[in-house]
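Letter by letter, the chains look like this.
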Amino acid sequence: MRYIVCIKQVPDTTDVRINPETNTLVREGVESVVNPFDMYAVELALSLRDKFGGEVISISMGPPQAEEALRETISVGVDRAYLITDKSFAGADTLATSRTLVAAIRYIGGADVIFVGKQATDGDTAQVGPGIAESMNIGQVTFVRDVMEIRDGNLLALRMTDKGRIEIEARLPVLLSVTKLDREPRLPSLRGKLRAKKEKIEHLDAKSLSLPEETVGLAGSPTQVIKIFTPQRHTQGEIQRGKPEELGDWLAGKLRNIL
Ligand SMILES: Cc1cc2nc3c(=O)[nH]c(=O)nc-3n(C[C@H](O)[C@H](O)[C@H](O)COP(=O)(O)OP(=O)(O)OC[C@H]3O[C@@H](n4cnc5c(N)ncnc54)[C@H](O)[C@@H]3O)c2cc1C
């Protein structure tokens, strides 16, 4: 079994700032971490390897410093990692990102299960996973919280939705987008930390993936970001005092006006 986990390095903050002139994320002066949902995906992949055998590979498309994120996954037990990096990959939208990740997955020789996080905490679109599955023409299960069984080329996953828990059987190869698990990701061991420092991480560029430059990065991105802004907060409210039945009538009147 081969498990490939897609990892994104994101700013270590929920206060994501946008450069109003370029409409891109401000990364200067902000610490980076592995996208938290991706660490849950790593945890799930490692637990499946422990149970059913095989290897876990992590991949990330990003600038050279994204290698740190991959080393973090090695420190908790990932077998090997690939950094997909090239100046021409900069400014990729979700389509170009999915396309580039698919090329890397094929370069590595494919996978039985591809993992992504539910969503990245910066871009937040949750489109990259579905983009990979669609482009590879394989099935996908979203909001996965656990995998109970892998047998006879099928996988049984537990999916969380607003309405409850759903068990889904899917044919391999399959893509899983992983939500928060009911356990926390494992911590690195001392041996893992030492291995993470020494492990060679292969770099893949547009040439090694045979990707024409017009299909990657900004050039290969049909999305045009016209404006990004934070909606204004409305802090003003109304405080009404009175008897409960009067307040009930007042509130009902307000709601009727809204509807
Ligand atoms: C025109 C345009 C320009 C942009 N320019 C930039 C830019 O200059 N710099 C920048 O950082 N972003 C840029 N972005 C945002 C970038 O496109 C998205 O961050 C990226 O495509 C991933 O989308 P997302 O963050 O919404 O991920 P989601 O779809 O929410 O991510 C879901 C999961 O997919 C996987 N995943 C996502 N991205 C990667 C990755 N890179 N490598 C491995 N796995 C991944 C992870 O498992 C993640 O949990 C730009 C977007 C547009 C539209």
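In the block above lies the structure referred to throughout.
This write-up is about the structure you can find in this document.

Rules used in this analysis
Residues numbered from 1 in each chain as written. Predicted model: local features only at pLDDT ≥ 70, side-chain atom pairs only at ≥ 80, totals over all residues. Heavy atoms only, no water. Axes fitted to C-alpha atoms, helices over the stretch in contact; angles between N-to-C directions. Helix = DSSP H or I, 4+ residues; strand = E, 2+ residues; numbered from the N terminus. Parallel < 35°, antiparallel > 145°, perpendicular 65-115°, else oblique. Left-handed = near helix turned anticlockwise from the far one by under 90°. Contact = heavy atoms within 4.5 Å. Nonpolar A, V, L, I, M, F, W, Y, C, P; charged D, E, K, R; others polar. Polar contact = N/O pair within 3.5 Å; in protein donor to acceptor, adjacent residues only side chain to side chain. Near = heavy atom within 4 Å. Areas by Shrake-Rupley, 256 points an atom, 1.4 Å probe, with all protein chains shown as cover. Expected span 1.5 Å × (residues − 1). Buried < 20%, exposed > 50% of the residue type's maximum accessible area, 1.4 Å probe, protein only. Lys, Arg positive; Asp, Glu negative; His and termini not counted. Salt bridge = Lys/Arg side-chain N within 4 Å of Asp/Glu carboxyl O.

### A closer look at the packing of helix α3 (residues 94-108) against helix α4 (residues 128-136)
Moving on, step 1. Packing of α3 against α4 leaves a shortest axis separation of 8 Å and a crossing angle of 55 degrees. The angle between α3 and α4 falls in the class oblique. Handedness of the α3/α4 crossing: right-handed. Here T94, T97, S98, L101, V102, I105 and R106 of α3 lie close against α4, whose contacting residues are V128, G131, I132, S135 and M136.
Moving on, step 2. Across the contact of α3 with α4, the residue classes tally to 6 nonpolar, 5 polar and 1 charged.

### Concerning the side chain of E43
Moving on, step 1. For E43, the position within the fold is in helix α1 (residues 36-52).
Moving on, step 2. For E43, the side chain forms a polar contact with the side chain of R183, separated by 3.3 Å.
Moving on, step 3. For E43, the residues in contact, after removing those within four places along its chain, are L181, R183, E184, P185 and R186.

### A look at the site of the ligand
Moving on, step 1. In the neighbourhood of the ligand, 29 residues make up the surrounding shell, with K8, R27, D38, A92 and T125 lying closest.
Moving on, step 2. Measuring from a nitrogen atom of the ligand, one finds a backbone N or O atom of I7 at 3.3 Å.
Moving on, step 3. Protein chains shield 86% of the accessible area of the ligand, which is 930 Å² for the free molecule.
Moving on, step 4. Contributions of two or more residues to the shell around the ligand are made by β4 (55-61), α3 and β6 (113-117).
Moving on, step 5. When its residues are assigned to classes, the shell around the ligand shows 11 nonpolar, 12 polar and 6 charged.

### With respect to α3
Moving on, step 1. The end-to-end C-alpha distance of α3 is 21 Å, a good match for the 21 Å that 15 residues give at a rise of 1.5 Å each.
Moving on, step 2. Here α3 has its buried residues at A96, T97, S98, T100, L101, V102, A103, A104, I105 and I108.
Moving on, step 3. Buried residues along α3 sit against β1 (2-6), β4, β5 (80-84), β6, α4 and β11 (202-204).
Moving on, step 4. One side-chain oxygen at the N-terminal end of α3 lies 3.1 Å from the backbone nitrogen of L95; it belongs to D93.
Moving on, step 5. Just downstream of α3, G109 is the residue with a positive phi angle, here 110 degrees.

### What to know about the packing of helix α2 (residues 67-75) against helix α5 (residues 190-198)
Moving on, step 1. At a closest axis distance of 7 Å, the pairing of α2 and α5 adopts a crossing angle of 145 degrees. With respect to the hand of their crossing, α2 and α5 are arranged in right-handed fashion. Contacts between α2 and α5 involve R71, I74 and S75 from the former and G192, K193, R195, A196, K197 and K198 from the latter.

### Quick notes on the side chain of R159
Moving on, step 1. Within the element layout of this structure, R159 appears in strand β8 (residues 154-161).
Moving on, step 2. Among buried charged residues, R159 stands out as having no salt bridge; its nearest opposite-charge side chain is D162, 9.6 Å away.
Moving on, step 3. Excluding residues that lie within four positions of it along the chain, R159 makes contacts with V141, T142, F143, V144, G164, R165, I166 and I168.

### Re the environment of L83
Moving on, step 1. Mapped onto the elements of the fold, L83 is located in strand β5.
Moving on, step 2. C-alpha separation for the pair L83 and I201, spaced 118 residues apart in sequence, amounts to 6.8 Å.
Moving on, step 3. Setting aside residues no more than four positions away along its own chain, L83 makes contact with S60, G62, P63, P64, A66, E67, L70, I201, E202, H203 and L204.

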